[in-house]
Amino acid sequence: MNYFNKIFTILLAINLTLMPVFALEFDLSVDEEIRKNYNPSKLELEGLPPLPDVKPNVPNSINNTTKPVNQLPELSPANTSPVVKKIDKSTAIRIKKGTKFKVKSNQAISDALRSGTRLSFTSQKAVTKRYITIPQGTIFKGEVIDAHLPQYSGNGGLIVLSIDSMVVKGKNVGIDAKITKANHKKIFFNNIKGKRQYWKGTKNSLRPGTKFYKKMMKTTSRLADGPVTVILTPFTVIAGVAVYAVNFVGAPLFGVFSKGGRINIPQGSEFEIKLLEDVYL
């Protein structure tokens, strides 16, 4: 046996000797004890969080179609009918301009109303024209287009009305009309004016001077009765005349600060409406 064979034999002997030391022996009895005392499947379920409940997104089939949702609110019909403007004049009935209607106001009217305020009137007498009769009780509607309270320099209040529609056979027909009479008084240029009171204010401003002048004249008469006081009469006369003269000269200026009359027309007052343009029905 040579030297190489001796080394191989020694290594083989050592290997066979140490093999029992490196051998592993699995003891399965421990696993059997765990399975008897515990439920491994239950421990796994309790230790892990629950899975989310996700429903599959199944596309809509032909038989399972959804209706579109109407997100717009339902609108109720208007309470008042719109104004009829487009009319075939060749076949329509014409009411000539200049036609007048006697009406009564359905509300009180004053110069305190604001521009844009809507007003209404009710006709008190039927108006018969060719092929048509506008019956009693027809409603006329209008609007305040200008108004102001009494102003300085004696300027009275103002109301300007525009009558723009009337209701005929349930239809709101557009018209162009104006007020020619208000509460039995004629109206010019469609302006309902309060009484101008400049001269009245001027006259009222003369009252203090007139009153002082009369007082001085009475005083002069009493002083003239005495033999001594008579010498004072020129002073009282001069004072009375001077104050009255100043008041008389300044009265027109004082009248500028006076205001005119108010406009207060009660509900149910009579008016007259006149058409400015032809109306076609």
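Rules behind the numbers
- Residues numbered from 1 in each chain as written.
- Predicted model: local features only at pLDDT ≥ 70, side-chain atom pairs only at ≥ 80, totals over all residues.
- Heavy atoms only, no water.
- Helix = DSSP H or I, 4+ residues; strand = E, 2+ residues; numbered from the N terminus.
- Contact = heavy atoms within 4.5 Å.
- Pairing = 2+ DSSP bridges.
- Patch = residues over 30% accessible without salt bridge, like charges linked within 9 Å, V, L, I, M, F, W, Y side chains within 5 Å.
- Areas by Shrake-Rupley, 256 points an atom, 1.4 Å probe, with all protein chains shown as cover.
- Salt bridge = Lys/Arg side-chain N within 4 Å of Asp/Glu carboxyl O.
- Buried < 20%, exposed > 50% of the residue type's maximum accessible area, 1.4 Å probe, protein only.
- Axes fitted to C-alpha atoms, helices over the stretch in contact; angles between N-to-C directions.
- Parallel < 35°, antiparallel > 145°, perpendicular 65-115°, else oblique.
- Left-handed = near helix turned anticlockwise from the far one by under 90°.
- Phe/Tyr/Trp six-rings, centres within 6.5 Å; stacked < 30°, edge-to-face > 60°.

Undergrad: Which parts of the structure should I look at to understand the environment of Phe121?
TA: Position of Phe121 among the secondary structure elements: in strand E5 (residues 118-123). On a C-alpha basis, the gap between Phe121 and Ile163 in space is 9.5 Å, while along the polypeptide they are 42 residues apart. When residues no more than four places from it in sequence are discounted, the contact partners of Phe121 are Val103, Lys104, Ser105, Asn106, Ile109, Thr138, Ile139, Phe140, Leu161, Ile163 and Phe271.

Undergrad: For this particular structure, what's the right way to read the pairing of strand E8 (residues 139-148)?
TA: As a general feature of sheets, a regular strand has side chains that alternate between the two faces. Bridge count between E5 and E8: five bridges; the pairing is antiparallel. Residue pairing across strands places Arg118 opposite Glu143, the latter belonging to E8. One ladder, built from nine bridges, connects E8 with strand E9 (residues 158-168); its direction is antiparallel. Residue pairing for E9: Glu143 is matched across the bridge by Ser162.

Undergrad: Would you explain a nonpolar patch on the surface in this entry?
TA: Residues Tyr152, Leu253, Phe254, Val256 and Phe257 make up a contiguous nonpolar surface patch of roughly 540 Å² in combined accessible area. Along the polypeptide, Leu253 turns up in helix H6 (residues 233-255).

Undergrad: Is there a simple way to explain the pattern of salt bridges in this structure?
TA: Two side chains that carry opposite charge are able to pair once their charged atoms sit near each other. Scanning the model with the defined rule gives four salt bridges in all. Residue Asp111 pairs with Arg262 through a salt bridge whose shortest N-O separation is 2.9 Å. One end of the pair, Asp111, is in the loop between strand E4 (109-110) and E5; the other, Arg262, is in the loop between H6 and strand E13 (264-265), with 151 residues separating them in the sequence. Given a relative accessible area of 1%, Asp111 falls into the buried group. The partner of Arg118 in a salt bridge is Asp164, and the shortest N-O contact between them spans 2.8 Å. Of the two residues, Arg118 sits in strand E5 while Asp164 sits in strand E9, which places them 46 residues apart along the sequence. Overall, the relative accessible area of 43% leaves Arg118 in the partly exposed class. Salt bridges sharing common partners tie together Arg118, Glu143 and Asp164.

Undergrad: Where do I start with unusual backbone geometry in this structure?
TA: Residues other than glycine predominantly adopt negative phi, and peptide bonds predominantly adopt the trans conformation. Even without glycine at this site, Tyr131 takes up a positive phi of about 75 degrees. Within the fold, Tyr131 resides in the loop between strand E6 (127-129) and strand E7 (132-134). Phi angles above zero are rare outside glycine, and Lys169 is one such case at about 55 degrees. Along the polypeptide, Lys169 turns up in the loop between E9 and strand E10 (171-182).

Undergrad: Looking at this structure, I do not really get the packing of helix H4 (residues 198-205) against H6. What am I missing?
TA: Helix-helix packing is characterised by the crossing angle of the two axes and by the distance between the axes. The N-to-C vectors of H4 and H6 enclose an angle of 140 degrees; their axes lie 8 Å apart at closest approach. Overall, the two elements H4 and H6 adopt an arrangement that is oblique. The interaxial crossing formed by H4 with H6 has right-handed handedness. Contacts from Tyr198, Gly201, Thr202 and Ser205 of H4 reach H6 at Asn247, Ala251, Pro252, Phe254 and Gly255.

Undergrad: What should I look at first to understand the packing of aromatic side chains in this one?
TA: We describe a pair of aromatic rings using the distance from one ring centre to the other and the angle between the two ring planes. Counted by the stated rule, this structure contains four aromatic pairs. Ring geometry for Phe101 versus Phe140: centroids 4.9 Å apart, planes at 50 degrees, classification tilted. Taken together, the residues Phe101 in strand E3 (residues 100-105) and Phe140 in strand E8 connect sequence positions 39 residues apart. Neither Phe101 nor Phe140 differs from the other in exposure class; each is buried. Judged by centre distance (6.4 Å) and plane angle (25 degrees), the ring pair of Tyr244 and Phe248 falls under stacked. Taken together, the residues Tyr244 and Phe248, both in helix H6 and four residues apart, mark about one turn of the helix.

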